[in-house]
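Structural description and commentary
Residues per chain are reported as follows:
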Amino acid sequence: MTVLVTGGAGYIGSHMVLALRDAGRAVVVLDDLSTGFRDLVPDGVPLVRGDIGDADLVAATLAGHGVTAIVHFAGSIVVPDSVKDPLGYYLNNTVKSRALLAAAVAGGVKHFIFSSTAAVYGEPETSPIDETAATAPISPYGASKLMTEWMLRDTAAAHGLTYAALRYFNVAGADPQRRAGQSFPRATHLIKLAAQAALGERPYLEIFGEDYPTPDGTCIRDYVHVSDLARAHLLALEHLEAGGESLVANCGYGRGYSVREVIAAVKRVSGIDFPVLKAARRPGDPAALVAGVTRIGATLGFRPALDHLDTIVADALAWEEQLRRRRDGAAPLAPQDESRIAAAPAAG
Ligand SMILES: NC(=O)c1ccc[n+]([C@@H]2O[C@H](COP(=O)([O-])OP(=O)(O)OC[C@H]3O[C@@H](n4cnc5c(N)ncnc54)[C@H](O)[C@@H]3O)[C@@H](O)[C@H]2O)c1
Ligand SMILES: O=c1ccn([C@@H]2O[C@H](COP(=O)(O)OP(=O)(O)O[C@H]3O[C@H](CO)[C@@H](O)[C@H](O)[C@H]3O)[C@@H](O)[C@H]2O)c(=O)[nH]1
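Residues numbered from 1 in each chain as written. Chains lettered and ligands numbered in written order. Predicted model: local features only at pLDDT ≥ 70, side-chain atom pairs only at ≥ 80, totals over all residues. Heavy atoms only, no water.

1. Describing unusual backbone geometry
- A cis amide bond links Ser-127 to the next residue, Pro-128, at an omega of -5°.
- Checked against the element boundaries, Pro-128 lands in the loop between strand S5 (111-117) and helix H5 (140-159).
- Positive phi outside glycine occurs at Leu-33, with the angle close to 60°.
- One can find Leu-33 in the loop between strand S2 (27-31) and strand S3 (47-49).
- Overall, the relative accessible area of 16% leaves Leu-33 in the buried class.
- Of note in this structure, Arg-178 is not a glycine but carries a positive phi near 65°.
- Overall, the relative accessible area of 6% leaves Arg-178 in the buried class. (Helix = DSSP H or I, 4+ residues; strand = E, 2+ residues; numbered from the N terminus. Buried < 20%, exposed > 50% of the residue type's maximum accessible area, 1.4 Å probe, protein only.)

Spelled out as structure tokens, the structure:
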């Protein structure tokens, strides 16, 4: 009953490893450490360093650890990079997922959970978007993920494994116990960058476009706390293990915030003002992406526990501070004082 977490040394995967460990599950991580970090894998969890496309290594890992389920996070994630290097993205996200899936079938794995993305919807015509909306990705990244969803659907039908393809909206925040967080120095995500600006690690933050058809002209996104997201995966795993049907489900909160609202939250929670500059639109950014969340609630019984923008921002800020302390050799931050989360004013 061991769970293989691919990409378990990365941002979201490391939170899944913590959620599985906290639930008492046996875990093994497969990660090539291309954007992941060995120290995000907790002590006692085996880390196999290697490529998900390496069939022999995957077969040996599945057999050696008695793997019955795979949670597959490993992949390349930067949308503009996928436009510059589509073949690299199709290789890492699609071709290597195919290899992993083939190894899973050969190794008798029963359940497969896959990190999909809101990018499969492209420029949605409705908001919130539910899972029945047309999939029409506008980037190679989104297409590479949608093709993997299709491979999963067809492989599950042919070989009897069950799967969940979870379409994440904007993942942010960090483990409230300060054990993991977004650690990649060249990360491009708004809340991470704003937290760095608040802590003086970048001189300013840019707003990419203020002329969108939204109330304040900036893009709206549905920010989901990474620890809630990990819990949704655990529920998906339990659902499949209990004999539940395969599913495709959005992961978000069903509520969006604009770039300006996010910046205001980071300034409010940190108590620090920082320079904000106007910049041109970033190519490929839809005006609004908000998840329809009926399905994940109804199918998995998922109920968010950390769905306040200020909570997400507070945890992201604390993780940046934690990274700085590690760099400086200072004592780590204490785990989150939960009363502080409860006391944080709701954003908006
Ligand atoms: N971060 C988001 O907002 C977001 C949104 C939607 C979907 N996703 C998806 O979630 C997954 C995890 O994203 P993340 O934000 O944690 O990114 P991340 O870069 O922190 O994690 C990816 C991990 O996979 C590993 N990896 C990459 N290619 C590999 C390979 N070929 N073999 C073995 N290991 C490999 C990396 O070393 C890294 O540890 C990705 O599949 C991504 O597409 C992320
Ligand atoms: O310095 C910055 C960084 C971002 N933004 C804006 O902030 C919003 C959010 O951007 P970002 O945090 O980079 O996330 P997205 O581009 O929305 O993409 C994330 O969310 C998608 C699903 O919604 C996933 O598919 C992607 O993998 C994931 O990176 C967008 O409008 C950006 O233009 C800025 O204005 N300034």
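2. A few points about the site of ligand 2
- Near ligand 2 lie 23 residues; those nearest to it are Thr-117, Asn-170, Glu-206, Arg-282 and Asp-285.
- The contact in question runs from an oxygen atom of ligand 2 to an N or O atom on the side chain of Tyr-141, over 3.3 Å.
- At 2.9 Å, a backbone N or O of Phe-208 approaches an oxygen atom of ligand 2.
- Protein burial of ligand 2: of its 700 Å² of free accessible surface, 92% is covered by the chains.
- Secondary structure elements with two or more residues in the shell around ligand 2: helix H6 (190-198) and strand S8 (205-208).
- Examining the composition of the shell around ligand 2, we find that four residues originate from one element, S8, more than from any other.
- Both of domain 1 (2-172 + 223-251) and domain 2 (190-221 + 254-290 + 306-343) provide at least three residues apiece to the shell around ligand 2. (Near = heavy atom within 4 Å. Polar contact = N/O pair within 3.5 Å; in protein donor to acceptor, adjacent residues only side chain to side chain. Areas by Shrake-Rupley, 256 points an atom, 1.4 Å probe, with all protein chains shown as cover. Domains from an automatic or database assignment.)

3. With respect to helix H1 (residues 11-22)
- Taking 1.5 Å as the rise per residue, H1 with twelve residues should run 16 Å; its terminal C-alpha atoms sit 17 Å apart, in good agreement.
- Of all twelve residues that make up H1, ten are buried, and the element is covered over most of its length.
- All of the buried residues in H1 are Tyr-11, Ile-12, Gly-13, Ser-14, His-15, Met-16, Val-17, Leu-18, Ala-19 and Leu-20.
- Contact partners of the buried residues in H1: strand S1 (2-6), S2, strand S4 (67-72), strand S6 (162-168), strand S7 (170-172) and helix H7 (226-241). (Expected span 1.5 Å × (residues − 1). Contact = heavy atoms within 4.5 Å.)

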